[in-house]
There are 2 protein chains.
Amino acid sequence: MPLKIGELARLSGCQVVTIRYYEKEGLLPQPERTSANYRLYDESDVERLHFIRRCRLHGMNLAEIRSLLAFKDHPTVSCAWINDLVDRHIADVERQIASLQHLKTHLEALRHTCAGDHVQGCGIIDTLDHGSPCACCHEEHCHLNELSAEAPKRKTKRNG
Amino acid sequence: MPLKIGELARLSGCQVVTIRYYEKEGLLPQPERTSANYRLYDESDVERLHFIRRCRLHGMNLAEIRSLLAFKDHPTVSCAWINDLVDRHIADVERQIASLQHLKTHLEALRHTCAGDHVQGCGIIDTLDHGSPCACCHEEHCHLNELSAEAPKRKTKRNG
DNA sequence: GTAGTGTCTATAGTAGCTATAGAGTCAAGC
DNA sequence: GCTTGACTCTATAGCTACTATAGACACTAC
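Attention here is on the structure that accompanies the text. (Residues numbered from 1 in each chain as written. Chains lettered and ligands numbered in written order. Predicted model: local features only at pLDDT ≥ 70, side-chain atom pairs only at ≥ 80, totals over all residues. Heavy atoms only, no water.)

## Brief notes about the overall build of chain A
Scanning chain A from terminus to terminus reveals six helices and two strands. Along the chain direction, N to C, the helices and strands of chain A fall in the order α-α-β-β-α-α-α-α. Residues counted as buried form 38% of the 160 residues belonging to chain A. Here the contacts in chain A between residues at least 6 apart in sequence split such that 46% fall between residues at least 24 apart. Accessible area of chain A: about 9,400 Å², with a carbon and sulfur share of 50%. (Helix = DSSP H or I, 4+ residues; strand = E, 2+ residues; numbered from the N terminus. Buried < 20%, exposed > 50% of the residue type's maximum accessible area, 1.4 Å probe, protein only. Contact = heavy atoms within 4.5 Å. Areas by Shrake-Rupley, 256 points an atom, 1.4 Å probe, with all protein chains shown as cover.)

## A look at the relation of the copies chain A and chain B
By a simple turn and slide, chain A fits onto chain B: the slide is 0.0 Å along the axis, the RMSD is 0.1 Å, and the turn is 180°. Here the symmetry operator amounts to a two-fold rotation axis. Within chain A, the C-alpha atom positioned nearest to the axis of rotation is that of Ile97(A), 2.9 Å from it. A shared binding surface is used by both copies, with 100% of the interface residues of chain A retained as interface residues in chain B. (Least-squares fit on C-alpha atoms with pLDDT ≥ 70 in both.)

## As for helix 4 (residues 62–73) of chain B
Along an α-helix, a turn takes 3.6 residues, which lines up residues three or four apart on a common side. When the terminal C-alpha atoms of helix 4 of chain B are compared, their 16 Å separation across 12 residues agrees well with the 16 Å that a helix rising 1.5 Å per residue should span. The distance from a side-chain oxygen at the start of helix 4 of chain B to the backbone nitrogen of Ala63(B) is 3.2 Å, and the residue carrying that oxygen is Asn61(B). (Expected span 1.5 Å × (residues − 1). Polar contact = N/O pair within 3.5 Å; in protein donor to acceptor, adjacent residues only side chain to side chain.)

## Quick look at unusual backbone geometry
One non-glycine residue with positive phi stands out, namely Asn37(A), at about 75°. Residue position: Asn37(A) is located in the loop between strand 1 (32–33) and strand 2 (39–40).

## Re the environment of Leu110(A)
Structurally, Leu110(A) can be placed in helix 5 (residues 80–111). Separated by 99 residues in sequence, Leu110(A) and Leu11(A) place their C-alpha atoms 46 Å apart.

## Digging into the packing of helix 4 (residues 62–73) of chain A against helix 5 of chain A
Residue and element names in this part refer to chain A. Axis separation between helix 4 and helix 5 bottoms out at 11 Å; the angle between their running directions is 155°. In this view, helix 4 runs roughly antiparallel relative to helix 5, as classed from their interaxial angle. The hand of the helix 4/helix 5 crossing is left-handed. Contacts from Glu 64, Ser 67, Leu 68 and Phe 71 in helix 4 reach Trp 81, Ile 82, Leu 85 and His 89 in helix 5. Partitioned by chemical class, the residues of the contact of helix 4 with helix 5 number five nonpolar, two polar and one charged. (Axes fitted to C-alpha atoms, helices over the stretch in contact; angles between N-to-C directions. Parallel < 35°, antiparallel > 145°, perpendicular 65-115°, else oblique. Left-handed = near helix turned anticlockwise from the far one by under 90°. Nonpolar A, V, L, I, M, F, W, Y, C, P; charged D, E, K, R; others polar.)

## Observations regarding the pattern of salt bridges
Residue and element names in this part refer to chain B. Inspection of every chain in the model, using the stated rule, returns 16 salt bridges over all chains. Residue Asp 92 is joined to Arg 95 by a salt bridge in which the shortest nitrogen-to-oxygen separation is 3.5 Å. With Asp 92 and Arg 95 both in helix 5 (residues 80–111) and three residues apart, the pair spans about one turn of that helix. Owing to a relative accessible area of 53%, Arg 95 belongs among the exposed residues under this scheme. Between Glu 108 and Lys 104 there is a salt bridge whose closest N-O contact spans 3.9 Å. A residue pair is termed a helical-turn pair when its members lie 3 or 4 positions apart in one helix, as Glu 108 and Lys 104 do in helix 5 at four residues. (Salt bridge = Lys/Arg side-chain N within 4 Å of Asp/Glu carboxyl O.)

## Some words on the interface of chain A and chain B
Listed as interface residues are 63 residues of chain A and, on the opposing side, 63 residues of chain B. Notably, a salt bridge pairs Lys104(B) with Glu94(A), separated by 3.3 Å at the nearest N-O pair. Where chain A meets chain B, there are 14 residue pairs in polar contact (both at pLDDT 80 or more). Elements that contribute at least two residues to the side of chain A that touches chain B include exactly helix 1 (5–12), helix 3 (43–57), helix 4, helix 5 and helix 6 (123–130) of chain A. Of the residues assigned to the side of chain A that touches chain B, the class counts are 30 nonpolar, 20 polar and 13 charged.

## Some remarks on the nonpolar core
Judged by nonpolar contacts, the single largest core of 78 residues is most densely connected at Ile19(A) and Ile19(B). If sequence neighbours within four positions are ignored, Ile19(A) has contacts with Ile5(A), Leu8(A), Ala9(A), Ser12(A), Cys14(A), Leu28(A), Tyr41(A) and Leu49(A). (Core = buried A, V, L, I, M, F, W, Y, C linked by side-chain atoms within 4.5 Å.)

## Considering helix 2 (residues 16–24) of chain B
Residues and elements named next belong to chain B. Of the positions making up helix 2, those classed as buried are Ile 19, Tyr 22 and Glu 23. When helix 2 is viewed along its axis, its buried side chains cluster within an angular range of 105° and face the same direction. In this structure, helix 2 carries Val 17 and Lys 24 as exposed residues pointing more than 90 degrees from its buried face. On its buried face, helix 2 sits against helix 1 (5–12), strand 1 (32–33), strand 2 (39–40), helix 3 (43–57) and helix 4. A positive phi of about 80° marks Gly 26, the residue just after helix 2. (Arc of directions from axis to C-beta.)

Have a look at this one:
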């Protein structure tokens with residue numbers, strides 16, 4: 001019993017446009033078509049979409065998912081690279097968490113510079129204007145307090 | 001001593017194209033021009049760009065920065081909304097951190113399902129295929145283990 | 001005059017979708 | 001047979017915050 005794209009969307013939790021998009025991006029094979037040119041799917045497509053969604057929810061991008069699907073379809077090499085991929089994702093997530101925690105400290109410091117309800121002289125605006133030595137960055141290199149320190153490298157003869 | 005766009009870029013730490021982009025987006029005013037149509041800036045533009053960059057580094061989007069700049073240019077209302085804005089950002093960052101920490105737990109569990117170096121039968125692929133009851137989600141609602149449970153709401157008469 | 005750099009505008013690309021337009025298809029009800 | 005409503009089709013544009021490219025013009029040192 002073949003499925004039309006709307007039924008596949010319902011079963012997989014994806015949207016119709018997303019399914020078409022995945023097809024265009026090569027994550028889903030070109031499906032059969034009815035005489036009216038409607039796409040026809042089956043259970044294996046539901047599972048493939050579940051796989052894709054789980055990968056997306058784990059933060060993988062479409063290129064990575066394409067590789068994983070290719071391995072799944074034709075597992076001809078060692079899967080060691082999949083472990084590397086997941087390891088890199090874990091490291092990346094850790095970096096993001098650290099960066100966000102740092103940002104949070106700054107935002108909280110920023111928040112404390114103003115009690116609100118002024119028309120002029122808002123402490124938050126002042127801090128964004130002139131920067132503030134934030135307690136969390138006294139010793140470490142903090143990109144939130146450095147602006148033009150490192151000018152972009154240029155290779156001119158005249159100004160170099 | 002007016003600055004050309006390249007000098008402004010160097011002083012502000014922005015790229016030339018980004019400065020033109022900010023102008024197009026209304027974050028920077030239309031600058032004076034030379035007879036050869038070159039943009040001319042001054043110190044106030046350096047400061048404005050520093051302000052913009054600090055906002056960006058604090059995770060604000062261009063629409064928010066536009067509002068902040070408008071307030072800075074013409075502070076006619078109370079700044080209480082700025083505190084709300086920062087509060088919302090803090091809450092948002094906290095949500096992101098929690099979500100990433102959750103994701104990290106899942107990625108680590110995923111990582112442990114395979115020791116690598118197989119050609120077929122990779123545990124990671126299997127887990128992505130079928131999902132896994134992850135220890136971190138036993139009791140709470142976990143979107144990483146739910147896929148098609150909640151079908152998108154539809155308002156048809158025929159299938160509803 | 002020429003070489004090397006800088007600047008100009010306009011356009012397209014990035015990721016992963018989402019939204020829209022305009023047309024064709026299908027099934028139920030009259 | 002006709003209408004209505006839901007569904008499907010393709011193609012295109014939009015989202016964010018830039019980044020990259022092309023082709024033309026400007027400036028300065030030699």
